[in-house]
Amino acid sequence: MLLLPSATPPSLPAAAADHQLVLPMATASSLFSACTLGRAMPSPKAVKGSIDSMCSYPNLFSIQSSLKSISLSADITLPRGLSNDEEIRKFSRRERIQCGALDVETMPSFLKGNKFQFDDVIEAQQFDRDTLSAIFEVAREMEKIEKKSPSSQILKGYLMATLFYEPSTRTRLSFESAMKRLGGEVLTTENAREFSSAAKGETLEDTIRTVEGYSDIIVMRHFESGAARRAAVTASIPVINAGDGPGQHPTQALLDVYTIEREIGKLDGIKVGLVGDLANGRTVRSLAYLLSKYQNVKLYFVSPEVVKMKDDIKDYLTSKGVEWEESADLMEVASKCDVVYQTRIQKERFGGKTELYEEARGKYIVDHDVLGAMQKHAVIMHPLPRLDEITVDVDADPRAAYFRQAKNGLYIRMAVLKLLLVGLTAAM
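Throughout what follows, the structure given in this document is the object of discussion. (Residues numbered from 1 in each chain as written. Predicted model: local features only at pLDDT ≥ 70, side-chain atom pairs only at ≥ 80, totals over all residues. Heavy atoms only, no water.)

## Focus: the environment of Thr 131
Along the chain, Thr 131 falls in helix 4 (residues 129-148). In this structure Thr 131 comes out as buried when scored by relative accessible area, which is 0%. Sequence-wise, Thr 131 and Gln 117 are 14 residues apart; in three dimensions their C-alpha atoms are separated by 8.3 Å. (Helix = DSSP H or I, 4+ residues; strand = E, 2+ residues; numbered from the N terminus. Buried < 20%, exposed > 50% of the residue type's maximum accessible area, 1.4 Å probe, protein only.)

Right under this line is the structure:
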């Protein structure tokens, strides 16, 4: 049996005057299935304790309850054989399940006046439209803070560790700037693949367990797809994926969508051309996931044959009813799109296959001819760094939005750090 000290929904049996709700395990199990559970417990075999979770509202709405708040506390024993990380990541280190307000008409999936819905930021699929809108609203507040200087003290006393196994300039510095502008402090390591204990053979899990003892939040870039998820499973503090190999780069996708909204003025009904290395580009993969949240969006994929968009993204878009089209004609696509999102061909993802890299490089270049084909309101975006895929003479055109895009990364990362560490209600 489970005891729920909370307001009692009318459809469920009430307990005594203390308003505790006693549920049979079958009923409690249905509530568990409606929630997206948090971190892994340290022991995979038998865990005596309690679970913490933030609810997945779209699923939770199906309960059809007027209940405003549920709090579950119970002793949980994991089934035998539950040993791998993906199976046990649903179990949390903390003490309770908190399921926020269930009023479908008034409460979005982002928790109003409480805390961020997520313990970690690992992949773009985590976000729905309500959450994105809430993050963007906080980012607009962060713009005001950044312009005021000196820094805010919202995150005073918090320490962020940036753990980068791959080179980075913009992402690492924007996270560090974001933390400092909010009054926090930074521990940083660059090129951890060569200059940390990883070079000695230390596992990622051991590194994370060590680093979390020194900090309040970890921002990690790694060369392996899925590494960020492994880190989040291991850590008891928030983990932000700053890029995991050819996997995802969720905060880049957030700042990209934020930039599109600011530049174009809308997100529904837009056409976006994704150009360049679509097979290995974690930025375009994450962006495709986020754009699928909006209505009447069409995506065009323009890339050399060797780096075409992978089927998992195409299948996902199709399953969400998002229209997409592959094209070999950049000029034609540019004439139709609101956004031309250019990416570099990533030499580091080709291994020793230099002939394939040379075959792909330079095939699609944004230059003055492409600008001439574009609509007047359209913009060019790029996650940077660029090589020769956008000519430098394009920079002077007001439709070249990529440096404004990079600046927006500061505001988005300030917003994400604030939301993960102190929630929505902390004073600006």
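Here the narrative resumes, following the displayed structure.
## Describing the nonpolar core
One finds Phe 136, Ile 240, Leu 274, Leu 291, Ile 412 and Leu 417 to be the most contacted residues of the largest nonpolar core, which totals 66 residues. Among the elements that line this core, the one with the most residues is helix 15 (residues 402-421), at 10 residues. Ignoring sequence-local partners within four residues, the contact set of Ile 412 consists of Ile 135, Phe 136, Ala 139, Thr 251, Leu 254, Leu 255 and Tyr 258. Counting residues in each nonpolar core, the second largest holds 19 residues, with Val 275, Ala 334, Ala 378 and Tyr 402 among its members. (Core = buried A, V, L, I, M, F, W, Y, C linked by side-chain atoms within 4.5 Å. Contact = heavy atoms within 4.5 Å.)

## Quick look at helix 5 (residues 170-181)
Residues lying three or four places apart along an α-helix face the same way, a consequence of the helix completing one turn every 3.6 residues. For helix 5, built from 12 residues, the straight-helix expectation of 16 Å at 1.5 Å per residue is met to within 8% by its first-to-last C-alpha distance of 16 Å. All of the buried residues along helix 5 are Thr 171, Arg 172, Ser 174, Phe 175, Glu 176, Ala 178 and Met 179. Packing partners of the buried residues in helix 5 comprise strand 7 (159-164), strand 8 (185-189), strand 9 (217-222), strand 10 (239-244), helix 9 (250-264) and helix 15. Positive backbone phi, at 90°, marks Gly 183, one or two positions downstream of helix 5. (Expected span 1.5 Å × (residues − 1).)

## Regarding the pairing of strand 9
For strand 9, a buried count of six out of six residues is recorded, marking the element as mostly surrounded by other parts of the structure. Here strand 9 shows a buried face lined by Ile 217, Val 219 and Arg 221 and a second buried face lined by Ile 218, Met 220 and His 222. Relative to strand 9, strand 7 runs parallel, the two being bridged by five bridges. Looking at the pairing, Met 160 lines up with Ile 217 of strand 9. Crossover strand 9 to strand 10 through helix 8 (residues 227-234) is right-handed. (Pairing = 2+ DSSP bridges. Right-handed = clockwise from strand over helix to strand, strands pointing away.)

## Regarding the packing of helix 4 against helix 9
Interaxial distance between helix 4 and helix 9 falls to 11 Å at its minimum, and their mutual angle equals 75°. Here helix 4 lies roughly perpendicular to helix 9, going by the angle between them. Residues Leu 132, Ile 135, Phe 136, Ala 139, Arg 140 and Glu 143 of helix 4 touch helix 9, and the partners they reach there are Leu 254, Val 257, Tyr 258, Glu 261 and Arg 262. Here the residues of the contact of helix 4 with helix 9 sort into seven nonpolar, no polar and four charged. (Axes fitted to C-alpha atoms, helices over the stretch in contact; angles between N-to-C directions. Parallel < 35°, antiparallel > 145°, perpendicular 65-115°, else oblique. Nonpolar A, V, L, I, M, F, W, Y, C, P; charged D, E, K, R; others polar.)

## Observations regarding unusual backbone geometry
Of note, the amide linkage connecting Leu 384 to Pro 385 takes the cis form, showing an omega dihedral of 5°. Among the secondary structure elements, Pro 385 is positioned in the loop between strand 15 (379-381) and helix 15. We note that Leu 384 has phi near 60°; this positive angle belongs to a residue other than glycine.

## Here's the deal with the packing of aromatic side chains
Counted under the stated rule, the structure contains six aromatic pairs. Taken together, a centroid distance of 5.4 Å and an interplanar angle of 50° make the contact between Phe 136 and Tyr 258 tilted. In this pair, Phe 136 sits in helix 4 while Tyr 258 sits in helix 9, placing the two residues 122 residues apart along the sequence. (Phe/Tyr/Trp six-rings, centres within 6.5 Å; stacked < 30°, edge-to-face > 60°.)

Structural measurements only, silent on function.
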